[in-house]
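Tertiary structure, described
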Amino acid sequence: MPVKLIGTIILVVLVAILTGFNLANKCTIWFFHNFENIPVFAALLTSFVAGVLVTLPVALLGRKKKDRKNNVPAETEKQEEKK
């Protein structure tokens, strides 16, 4: 447990250091309009959050469908045993 905690702290510090060095880097992004002088870190963070928001419902709905499929045969087996 302490090894994982120390590793996580080191990783967070490393990401913070790299973020601090790259805050001055700017770029132009086209998303149906040209957005100029956007920090690269903000663009990366925004794209990561957008990916999570798109993937999360798909992952959660996919899991519910699998659970339904797994429960249906178990219920039919119970009904067959009662007959």
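Residues numbered from 1 in each chain as written. Predicted model: local features only at pLDDT ≥ 70, side-chain atom pairs only at ≥ 80, totals over all residues. Heavy atoms only, no water.

Its boundaries defined by the atoms lining it, the largest pocket holds a volume of some 190 Å³. Taken together, Ile 29, Phe 31, Phe 35, Ile 38, Ala 42, Ala 43, Thr 46, Ser 47 and Ala 50 make up the lining of the largest pocket. Only strand 2 (34-39) and helix 2 (40-82) provide two or more residues apiece to the lining of the largest pocket. Broken down by element, the residue count for the lining of the largest pocket peaks at five residues, all from helix 2. For the lining of the largest pocket, the class distribution of residues is seven nonpolar, two polar and no charged. (1 Å grid on protein atoms, 1.4 Å probe; cavity = no way out; pocket = protein on both sides within 12 Å on 5 of 7 lines; lining within 4 Å. Points joined across faces, edges and corners; volume = space filled by probe spheres on them. Helix = DSSP H or I, 4+ residues; strand = E, 2+ residues; numbered from the N terminus. Nonpolar A, V, L, I, M, F, W, Y, C, P; charged D, E, K, R; others polar.)

What follows concerns the packing of aromatic side chains. Applying the stated criterion across every chain yields a total of two aromatic pairs. Plain terms: the ring middles of Trp 30 and Phe 32 are 5.4 Å apart, the flat faces sit at 50 degrees to each other, and that makes the pair tilted. For the pair Trp 30 and Phe 32, one class covers both residues: exposed. A centroid spacing of 5.1 Å and a plane angle of 65 degrees characterise the contact between Phe 31 and Phe 32, whose relative ring orientation is edge-to-face. Summarising the burial analysis for this pair, Phe 31 and Phe 32 share the class exposed. Pairwise contacts between aromatic rings join Trp 30, Phe 31 and Phe 32 into one cluster. (Phe/Tyr/Trp six-rings, centres within 6.5 Å; stacked < 30°, edge-to-face > 60°. Buried < 20%, exposed > 50% of the residue type's maximum accessible area, 1.4 Å probe, protein only.)

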